[in-house]
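Working through the structure, step by step
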Amino acid sequence: MTRVRKAVLPAAGLGTRNQPAAKATPKNLLNVFDRPMIAHVVAEGRAAGIEHFVVIVGRGQGAIEDYFDHAVELEQGLAERGRAELLEILNDELLGPGQMSFVRQMAPLGLGHAVWCARDVIGDEPFAVMLPDMLMAANPGALSQAMAAHEAVGGNIVVVEPAPEGETHKYGIVALGAETPGFDGRLRAMTGMVEKPPLGTEPSNLLISGRYILQPGIFDALAQHAKGAGGEIQLTDAMVARLAHEPFHALEYEGTTYDCGDALGLLRANVAFALRHTGAGDQARAAVRDLLGAL
Ligand code: G1P
């Protein structure tokens, strides 16, 4: 089976639900405790064995490229001050030469269009898609869990989880068939999917979480540029088109997702990642207790 080496991170959206926070800062650079949200997702990808990240960016998002490059003045200043431990933290964020590409999505036409923009960089091999505004706290990471499922059954893997009550209409929702043995009922064949179904019409309560492993045939479907929910070119619709050609499995991963697509989700992610932080977790817990006690 061909190994999954590359991941596409669509980061060019307008961030409409994160305004005005994302007006002058790309949404995916908004902070989650100690680093930008996209940096947490890149770390999850590296832990899963991804060797090349393809970040889809839009106009005014050059700061994302800067984040994943050397900051020469900062590094010199830290070196002069003998701050080796901080230099190490900064260096750990950087990938090796040629391990990150940036592709410009010239118009925000939808998630499917963003992924399609990566077609030449991906080529003819399976690849991951990671949505940088969906932070997943899991051990092993959500993409690592998807990789294990992919090694077992091949084809396409879509990571899913139960939707919060009454919120299925905000997500892509899957329809499921037979269970795959050996995964405690968490890995099931998919029979369909629908993007943002009106409430009451959803085929299940399992939402598409934002981690996928896809076969390159998806680019044929995306090339149709068919518009779906919200007038956008949807990845979900392209996956539906590929269902007739290739197996798709939904993996209900073990972990907790934080949807950073609005201020409250970002707050939850910040608190959760602070509490989970190895070095600062105890102090974060005390700080949160203080704040709650003061109210
Ligand atoms: C996208 C996907 C959707 C998925 C969601 C997760 O929607 O189209 O299937 O459930 O991400 O956040 P968006 O959030 O871009 O509207």
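Our subject in this report is the structure included herewith. (Residues numbered from 1 in each chain as written. Predicted model: local features only at pLDDT ≥ 70, side-chain atom pairs only at ≥ 80, totals over all residues. Heavy atoms only, no water.)

Here we take up the overall build of the protein. Secondary structure assignment for the protein yields eleven helices and 13 strands. Against the 2.2 N^0.38 benchmark of 19 Å for 295 residues, the protein shows a C-alpha radius of gyration of 19 Å, consistent with a compact globule. Across its three principal axes, the protein shows a C-alpha extent of roughly 60 × 45 × 40 Å. Every one of the 295 residues in the protein was classed for burial, and the buried ones make up 50%. Put simply, of all contacts in the protein between residues at least 6 apart along the chain, 78% involve residues at least 24 apart. Of the roughly 14,500 Å² of accessible surface on the protein, 52% is carried by carbon and sulfur atoms. Computed over 24 positive and 35 negative side-chain charges, the inter-centroid distance for the protein is 3 Å. (Helix = DSSP H or I, 4+ residues; strand = E, 2+ residues; numbered from the N terminus. Rg over C-alpha atoms; globule rule 2.2 N^0.38 Å. Buried < 20%, exposed > 50% of the residue type's maximum accessible area, 1.4 Å probe, protein only. Contact = heavy atoms within 4.5 Å. Areas by Shrake-Rupley, 256 points an atom, 1.4 Å probe, with all protein chains shown as cover. Lys, Arg positive; Asp, Glu negative; His and termini not counted. Charge placed at Lys NZ, Arg CZ, Asp CG, Glu CD.)

For the rest of this paragraph, the subject is the packing of aromatic side chains. All told, the structure shown has three aromatic pairs when counted by the stated rule. Taking 5.0 Å as the distance between ring centres and 80° as the angle between the ring planes, the aromatic pair formed by Y67 and F68 counts as edge-to-face. For Y67, a relative accessible area of 25% gives the class partly exposed. Judged by relative accessible area, which is 11%, F68 ranks as buried. Look at F127 and F219: their rings are 5.1 Å apart centre to centre, the planes differ by 10°, and that puts the pair in the stacked class. With F127 in strand β6 (residues 127-130) and F219 in helix α8 (residues 218-222), this pair connects stretches of sequence that are 92 residues apart. Residue classification places F127 among the buried positions, given a relative accessible area of 0%. Exposure remark for F219: the relative accessible area of 8% places this residue in the buried category. When the ring centre of W116 is taken as reference, the NZ or CZ atom of R119 above it lies at 3.7 Å. (Phe/Tyr/Trp six-rings, centres within 6.5 Å; stacked < 30°, edge-to-face > 60°. Lys NZ or Arg CZ within 6 Å of the ring centre and 35° of its normal.)

Tallied over the entire structure, the rule returns 13 salt bridges. Across the salt bridge formed by R35 and D34, the nearest N and O atoms sit 3.3 Å from each other. Residue K196 is joined to E195 by a salt bridge in which the shortest nitrogen-to-oxygen separation is 2.7 Å. On the basis of relative accessibility, which here comes to 39%, the residue K196 falls in the partly exposed class. We classify E195 as buried; its relative accessible area is 12%. Each of R3, R5, K6, E51 and E125 takes part in one network of salt bridges that share partners. (Salt bridge = Lys/Arg side-chain N within 4 Å of Asp/Glu carboxyl O.)

A word on the site of the ligand. Surveying the vicinity of the ligand reveals the residues L111, L131, M134, Y171, G172, E195, K196, I208, Q234 and T236. Contacts to the ligand include K196, whose side-chain N or O atom sits 2.6 Å from an oxygen atom. One of the side-chain nitrogen or oxygen atoms of T236 is found 3.5 Å away from an oxygen atom of the ligand. When isolated, the ligand has an accessible area of 380 Å², and the protein chains bury 82% of it. Considered class by class, the residues forming the shell around the ligand number five nonpolar, three polar and two charged. (Near = heavy atom within 4 Å. Polar contact = N/O pair within 3.5 Å; in protein donor to acceptor, adjacent residues only side chain to side chain. Nonpolar A, V, L, I, M, F, W, Y, C, P; charged D, E, K, R; others polar.)

The peptide bond linking Q19 to P20 adopts the cis configuration, its omega dihedral lying at 5°. Along the chain, the position of P20 falls in the loop between β1 (6-10) and β2 (31-32). Look at the link from N139 to P140: it is a cis peptide, with omega at 0°. Inspection of the secondary structure puts P140 in the loop between β7 (134-137) and α7 (142-153). Its identity as a non-glycine residue notwithstanding, F33 has a phi of 55°, on the positive side. Here the phi dihedral of H225 falls at roughly 55°; this positive angle occurs in a residue that is not glycine. For H225, the location among the structural elements is in the loop between α8 and α9 (235-242). H225 gets classed as partly exposed once you look at its relative accessible area, which sits at 33%.

Running from N to C, helix α3 (residues 72-80) and helix α4 (residues 84-92) cross one another at 150°; their axes reach a closest spacing of 8 Å. Accordingly, the angle class assigned to the pair α3 and α4 is roughly antiparallel. Along the contact surface, α3 presents L74, E75, L78 and A79, while α4 presents L86, L87 and L90. Classifying every residue of the contact of α3 with α4 gives six nonpolar, no polar and one charged. (Axes fitted to C-alpha atoms, helices over the stretch in contact; angles between N-to-C directions. Parallel < 35°, antiparallel > 145°, perpendicular 65-115°, else oblique.)

Everything listed is a geometric property; what it means functionally is a separate question.
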